[in-house]
Amino acid sequence: MLYNQPNPLEVKVLSRRFTLPNSQSIETYLANDGYKALEKALDMTQQQIIDEVKASGLRGRGGAGFPTGMKWGFVPRQSPKPKYIMVNADESEPGTCKDRLLIEYDPHQLIEGVMIAALAVGSEQGYVYIRGEYRYLIDVMDRAIEEAYAKGVLGDNVMGRGKKFHLATHSGAGAYECGEESALLESFEGKRGNPRIRPPFPAVAGCYQSPTILNNVETFCAVPAIILSGAAYFSGLGSPKNGGTRLFCLSGHINKPGVYELPMGFNLMRMINEVGGGMRGGKKLKAVIPGGSSCPVLKANECDIAMDFDSVAAAKSMLGSGGVVVMDEDTCMVNAALRIMKFYAHESCGWCIPCREGTNWLKKLLTRFHEGMGTRSDIILIGDLSKNMLGRTFCPLGDAAAMPTIAFVEKFQDEFEAHLDGKPCPYENTSRPVTA
Amino acid sequence: MTFSPETEVRFAKFLAKYPADRKRSAVIPMLIYGQDEVGAVTEELIEEIAKRTGVTPLQVTEVVGFYSMLHRKPQGTYHVQVCTNISCLLVGGQELYDQACHKLGIGHKEVTKDGRISLEEVECMGACSWAPAVQVNYDFYHDVTPAQLDKLLDGLAAGKKPEEIAEVHKVSC
């Protein structure tokens, strides 16, 4: 059973098998177009596969939105080194809970996507890096991989066609930082999850310093549909340069939070009102974080936008990982900014000084503010500190901490000012039901 | 050091997953599954994993401090993790955590005197759309109400297993 009711506005491509009985099993998968895209890809050249993915407009679903086909094209296929496929299932961006469902309900779709990527670059080995907290999904994935071996899908003779591909799961042990691709690779190699300087990018020097395709779960899961139904079909589902659908994770103060598969470019206000069932308790919308906690917050009057990478970027935020966090009029923006900063301070790996120090100082400043002991100059200091972190770290965690903070301060300066001079938080005593 | 037959089989599989000269990749998976069996990351466990993966004990030790799920001290039989990150915060996650602290009389990363329950305020666990969320060991509980948390904690404290507590159901398979 799904964790939330589906919505009629959904366009189910990646999630189309979720409600089938035994949707995890290879039998269900095979009876519903399963591994047909792989069969098709086995008859295509490497370049044809990459070109098809490029033409589909698929962009990385982990957060950055980089064109997937282009990423695959960077892999030096002639390199004598082994090529690796790495699945990033270290889903940990606050607000995001979609990869869980993709693995839980349709693990074979992921395997098929990975195998098509392997064909595209001539890889014979892949790994699924799953965050340690998702232990039950490691078991789900292991069972699916076993089934695929038993059916001759994985192994030394893929689908009886003479190609070799092996796949295995790998458990993380709790670290947000390991969702960043180079830190993930370090962690995979058995080290602390500190990021690597890039370039070289993983496509050239990734897993064990070999060429590696590293993508998010959802990105790989979109590949079978692209190969089977064609790039034109997939790109036609979304908006220009933003192919396909997206699993949006709606959370916060709405009536029907849940994960919904919607076309790229779906309007955010419609998402809140028609898919999410509107604001809880008839409250007014105050703000939305459109793509996970590292994305700058949008004020209510900025939310009438198309949810694709370019439109959200034009609104000076990011589509990110698809985590849409909806906040009502009773939400204290200082508290929201503080909670998010506590998270980044906790998760900063400490490798780069601007991030390690910056996140902790921002946490202290925001805590002081929330307790009513902030000063007017602190508002400027918070902005200055944040801006000094931007672009000054190995990986984007520093940016991820700074960007939302800058937006909270700039867009809700009045709320920061309302906390000045020892005044209690104006939202502290707002009565609200603890759960929906 | 030896482990249960199941863990030995698991470790053998781990060591076979990676290229022969890359056994170090098995360090973190072995640490977390080893910790599940031993109860904590002990010096003995570190040395055993170092031996089996061909790295130095120091190379194993240095990763332990990095990962939030690895711990050097034993946790309770039931490790209760309450998320207070943004999506949970908005719908009562903080209140649930405060309630758990009050009820158990322990704080973040502390264990009850009888060693049965430990508590941790955790970062996003990937249940944002079904918030507020709680994990007990590896099991997820979605849309948790204060009444359900009360029942869960009372049941655990009374010696019940989570699955024996009526009206509180884990969601993950």
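Residues numbered from 1 in each chain as written. Chains lettered and ligands numbered in written order. Predicted model: local features only at pLDDT ≥ 70, side-chain atom pairs only at ≥ 80, totals over all residues.

Things to note about the overall build of chain B
Heads up, the rule is: Counting from the N terminus, the helices are the DSSP runs of H or I reaching at least four residues and the strands are the DSSP runs of E reaching at least two. The burial label depends on the number of other C-beta atoms within 10 Å of a residue's C-beta. Counts of 20 or more mean buried, 12 or fewer mean exposed, and intermediate counts mean partly exposed, with C-beta atoms placed from the backbone. The contact criterion used is a C-beta to C-beta distance within 7 Å, with each C-beta placed from the backbone.
Along the backbone of chain B there are seven helices and five strands. Helices and strands in chain B line up, N terminus first, as α-α-α-α-β-α-α-β-β-β-β-α. Counting only residues that meet the buried cut, chain B has 43% of its 173 residues in that class. At a minimum sequence separation of 6, the contacts of chain B that also span at least 24 residues come to 58%.

Describing the confidence of the model for chain B
Which entries qualify depends on this criterion: Values of pLDDT, which run from 0 to 100, indicate the predictor's confidence residue by residue.
Confidence in the prediction for chain B averages 96 pLDDT; 99% of positions are at 70 or higher. In the predicted complex, the global pTM is 0.96; the interface-specific ipTM is 0.97.

Overview of the interface of chain B and chain A
To keep it simple, the criterion reads: Residue polarity follows a fixed list, in which Ala, Val, Leu, Ile, Met, Phe, Trp, Tyr, Cys and Pro are nonpolar, Asp, Glu, Lys and Arg are charged, and the others, Gly among them, are polar.
At the junction of the two partners, chain B supplies 44 residues and chain A supplies 52 residues. Elements with a minimum of two residues in the side of chain B that touches chain A: helix 2 (27–38), helix 4 (57–64) and helix 5 (86–90) of chain B. Among the elements that line the side of chain B that touches chain A, the one with the most residues is helix 2 of chain B, at five residues. Across the side of chain B that touches chain A, the residue classes tally to 26 nonpolar, eleven polar and seven charged.

Describing the packing of helix 3 (residues 43–53) of chain B against helix 4 of chain B
All names here are of chain B. For clarity, the threshold we go by: Whenever a helix is involved, its axis is fitted only over the stretch in contact; in every case the axis is a line through C-alpha atoms, and angles between N-to-C directions fall within 0 to 180 degrees. When describing relative orientation, an angle under 35 degrees is termed roughly parallel and one over 145 degrees roughly antiparallel, while 65 to 115 degrees is termed roughly perpendicular and anything else oblique. Helix crossings are classified by the rotation of the near helix relative to the far one: an anticlockwise turn of less than a right angle makes the crossing left-handed, while a clockwise turn makes it right-handed.
For the pair helix 3 and helix 4, interaxial distance at closest approach is 8 Å and the crossing angle is 120 degrees. Between helix 3 and helix 4, the crossing angle belongs to the class labelled oblique. In this structure, helix 3 meets helix 4 at a crossing whose hand is right-handed. On helix 4, the residues that touch Ile46, Glu47, Ile49 and Ala50 of helix 3 are Pro57, Gln59, Val60 and Thr61. In terms of residue class, the contact of helix 3 with helix 4 is built from five nonpolar, two polar and one charged.

Comments concerning the sheet that holds strand 4 (residues 212–216) of chain A
All names here are of chain A. For clarity, the threshold we go by: For two strands to be treated as a pair, DSSP must find at least two bridges joining them.
Pairing in this open sheet of four strands is parallel, and the strands run 3-2-1-4 from one edge to the other. Of all the strands in the sheet, the pair left with one neighbour each is strand 3 (166–171) and strand 4. The sheet shows a mean angle of 20 degrees between the axes of neighbouring strands, direction not considered. In this fold helix 7 (residues 135–150) packs onto strand 2 (125–130) and strand 3, with an angle of close to 170 degrees to the strand it touches most, strand 3.

Focus: the sheet that holds strand 9 (residues 298–299) of chain A
All names here are of chain A. Read across the sheet, five strands follow the order 6-5-11-8-9 without closing on themselves; strand pairing throughout is mixed. Only two strands of the sheet have a single neighbouring strand rather than two, namely strand 6 (258–263) and strand 9. For strand 5 (residues 245–252) and strand 11 (residues 323–328), the ladder comprises four bridges, and the chain directions are parallel. Its bridge partner lying in strand 11, Ser251 is registered against Val325.

A look at helix 2 of chain B
Test applied: In a helix, the anticipated span is given by 1.5 Å times the number of residues less one.
A rise of 1.5 Å per residue sets the reference length of helix 2 of chain B, with its twelve residues, at 16 Å; its end C-alpha atoms lie 15 Å apart and thus fit the reference within 8%. Among all positions of helix 2 of chain B, only Val27, Ile28, Pro29, Met30, Leu31, Tyr33, Gly34 and Gln35 of chain B are buried. The secondary structure elements touched by the buried residues of helix 2 of chain B are strand 3 and helix 8 (181–188) of chain A together with helix 1 (5–17), helix 3 and helix 4 of chain B. Gly39 of chain B sits one or two positions beyond helix 2 of chain B and adopts a positive phi of about 105 degrees.

Topic: unusual backbone geometry
Negative phi characterises most residues that are not glycine, and trans characterises most peptide bonds. In this structure, the amide linkage connecting Arg198 of chain A to the following residue, Pro199 of chain A, adopts the cis form with an omega of 0 degrees. Tracing the chain through its elements places Pro199 of chain A in the loop between helix 8 and helix 9 (202–205). Cis peptide bonds are those with omega within 30 degrees of zero, and the linkage from Pro199 of chain A to Pro200 of chain A qualifies with 0 degrees. Tracing the backbone shows Pro200 of chain A in the loop between helix 8 and helix 9. Although it is not a glycine, Tyr208 of chain A sits at a positive phi angle of roughly 50 degrees. Its location among the elements puts Tyr208 of chain A in the loop between helix 9 and strand 4. At Lys109 of chain B, a residue that is not glycine, the phi angle is positive and equals roughly 65 degrees. Among the structural elements, Lys109 of chain B can be located in the loop between helix 6 (93–104) and strand 2 (110–111).

Here we look at the packing of helix 6 (residues 107–121) of chain A against helix 10 (residues 217–229) of chain A
Two measures define how a pair of helices packs: the angle their axes make with one another and the distance between the axes. Residue and element names in this part refer to chain A. Helix 10 packs onto helix 6 with a crossing angle of 75 degrees between their chain directions and a minimal axis gap of 7 Å. In terms of orientation, helix 6 and helix 10 fall into the roughly perpendicular class. Of the residues in helix 10, those touching helix 6 at Gln109, Leu110, Glu112, Gly113, Val114, Ile116 and Ala117 are Val217, Phe220, Cys221, Val223, Pro224 and Ile227. Its residues placed into classes, the contact of helix 6 with helix 10 shows ten nonpolar, two polar and one charged.

Things to note about the pairing of strand 3 (residues 117–122) of chain B
When a strand is regular, its side chains alternate between the sheet's two faces. All names here are of chain B. In terms of burial, strand 3 is a largely internal element, six of the six residues being buried. The sheet contact formed by strand 1 (residues 78–83) and strand 3 spans six bridges and is parallel. Within strand 3, the residue paired with Cys83 across the bridge is Val122. By the bridge criterion, two bridges tie strand 2 to strand 3 in an arrangement that is antiparallel. Its bridge partner lying in strand 3, Glu110 is registered against Leu119. The hairpin formed by strand 2 and strand 3 contains five residues between the paired strands, and Gly115 there has a positive phi angle of roughly 75 degrees.

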